[in-house]
Amino acid sequence: MADPMPISLPPHHPQCLGCGPDNPAGLHLDVHRDGDTVVTDITFDPRHRGAPGLAHGGAISAACDDLFGFVLYLVEEVAVTRTLTVNYLAPVPLGQPHRITARLRHRHGRRLHLEATGTGPDGLTRFTAEALFLTVDHNHFAPHGADTEVQAMFTHHQPHDREHHH
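All of these numbers come straight from a predicted model, not from anything done at the bench.

**Focus: the sheet that holds strand β5 (residues 97-108)**
If you walk across this open sheet you meet the seven strands as β1-β2-β3-β5-β6-β7-β4, and the pairing is antiparallel. The outermost strands of the open sheet, each flanked by one partner alone, are β1 (7-8) and β4 (79-88). Most of the contacts of helix α1 (residues 57-75) go to β4, to which it runs at about 135°, and overall it touches β2 (31-34), β3 (37-43), β4, β5, β6 (111-119) and β7 (125-135).

**Some thoughts on the side chain of serine 61**
Within the element layout of this structure, serine 61 appears in helix α1. On the basis of relative accessibility, which here comes to 19%, the residue serine 61 falls in the buried class.

**Structural notes on the confidence of the model for the chain**
Chain-level pLDDT for the chain is 86 on average; 80% of the residues reach the 70-or-more range. Scored below 50 in pLDDT, residues 156-166 shows 18 contacts in the model against residues more than four places distant or in partner chains.

**Structural notes on α1**
With 19 residues, α1 extends 28 Å between its outermost C-alpha atoms, agreeing within 8% with the 27 Å of an ideal straight helix rising 1.5 Å per residue. Here α1 lies mainly inside the structure; 14 of its 19 residues are buried. Within two residues after α1, glutamate 76 carries a phi angle of roughly 55°, on the positive side.

**Some words on the packing of aromatic side chains**
Inspection of the entire model under this criterion finds two aromatic pairs. Measuring from ring centre to ring centre gives 6.2 Å for phenylalanine 68 and phenylalanine 133, while their planes differ by 75°; the resulting arrangement is edge-to-face. Taken together, the residues phenylalanine 68 in helix α1 and phenylalanine 133 in strand β7 connect sequence positions 65 residues apart. When the centroid spacing of 5.4 Å and the interplanar angle of 90° are considered together, the rings of phenylalanine 70 and tyrosine 73 count as edge-to-face. Residue phenylalanine 70 and its partner tyrosine 73 are both found in helix α1; the two are separated by three residues, about one turn of the helix.

**What to know about the environment of histidine 98**
For histidine 98, the location among the structural elements is in strand β5. The buried category is assigned to histidine 98, whose relative accessible area is 1%. Excluding anything up to four places from it in sequence, histidine 98 contacts Thr40, Asp41, Ile42, Val92, Pro93, Thr119, Gly120, Pro121 and Arg126. Polar contacts involving the side chain of histidine 98 include one to the side chain of arginine 126, which spans 3.3 Å.

**Examining the side chain of threonine 135**
With respect to the helices, strands and loops of the structure, threonine 135 is situated in strand β7. If we ignore the near neighbours within four places in the chain, the residues touching threonine 135 are Glu77, Val78, Ala79, Arg107, Arg110 and Leu112.

**Quick look at the pairing of β7**
Counting buried positions over the eleven residues of β7 gives eight, a clear majority of the element. Relative to β7, β4 runs antiparallel, the two sharing nine bridges. In the sheet register, threonine 83 faces β7, and the bridge partner there is leucine 132. Relative to β7, β6 runs antiparallel, the two sharing nine bridges. By the bridge assignment for β7, leucine 114 is matched with alanine 131. Joining the antiparallel neighbours β6 and β7 is a turn of five residues, in which glycine 123 adopts a positive phi near 85°.

Cut-offs applied
Residues numbered from 1 in each chain as written. Predicted model: local features only at pLDDT ≥ 70, side-chain atom pairs only at ≥ 80, totals over all residues. Heavy atoms only, no water. Pairing = 2+ DSSP bridges. Helix = DSSP H or I, 4+ residues; strand = E, 2+ residues; numbered from the N terminus. Contact = heavy atoms within 4.5 Å. Axes fitted to C-alpha atoms, helices over the stretch in contact; angles between N-to-C directions. Buried < 20%, exposed > 50% of the residue type's maximum accessible area, 1.4 Å probe, protein only. pLDDT = per-residue confidence, 0-100. Expected span 1.5 Å × (residues − 1). Phe/Tyr/Trp six-rings, centres within 6.5 Å; stacked < 30°, edge-to-face > 60°. Polar contact = N/O pair within 3.5 Å; in protein donor to acceptor, adjacent residues only side chain to side chain.

Following this line, the structure appears as structure tokens:
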């Protein structure tokens, strides 16, 4: 029996602030699906500095928001952030890997309620996050991007892995 391996998920787009590999200011999140969760390991570096030696709350928030965007691959919907709340429970040191795990908590119509947890290498939960996302269609994005970019969000980011079994 094969080990169930996490499935690598594609970036939202190459310039995405959270996961885009071509964004020099980005967080460069590498995200995987693991069952009904999405997971990324991030090591905040001096570009993400807030207080001395610690990650900026905005960088942590951006990482959570972007990871929530990957939960949308699991629910097979396009949605946008309506609200995002991050609970900072302990300082997040620079240079230490942190695992962020996110999932859909529940859905009510267009409203997707999401949750995430950020854990340090010592097993300590340093932050949690909750978000409300609202599902939208491609018309939501049409005024803000080229038609080809909008269509790309709806076509080539469909990581339906039918061979993945639990």
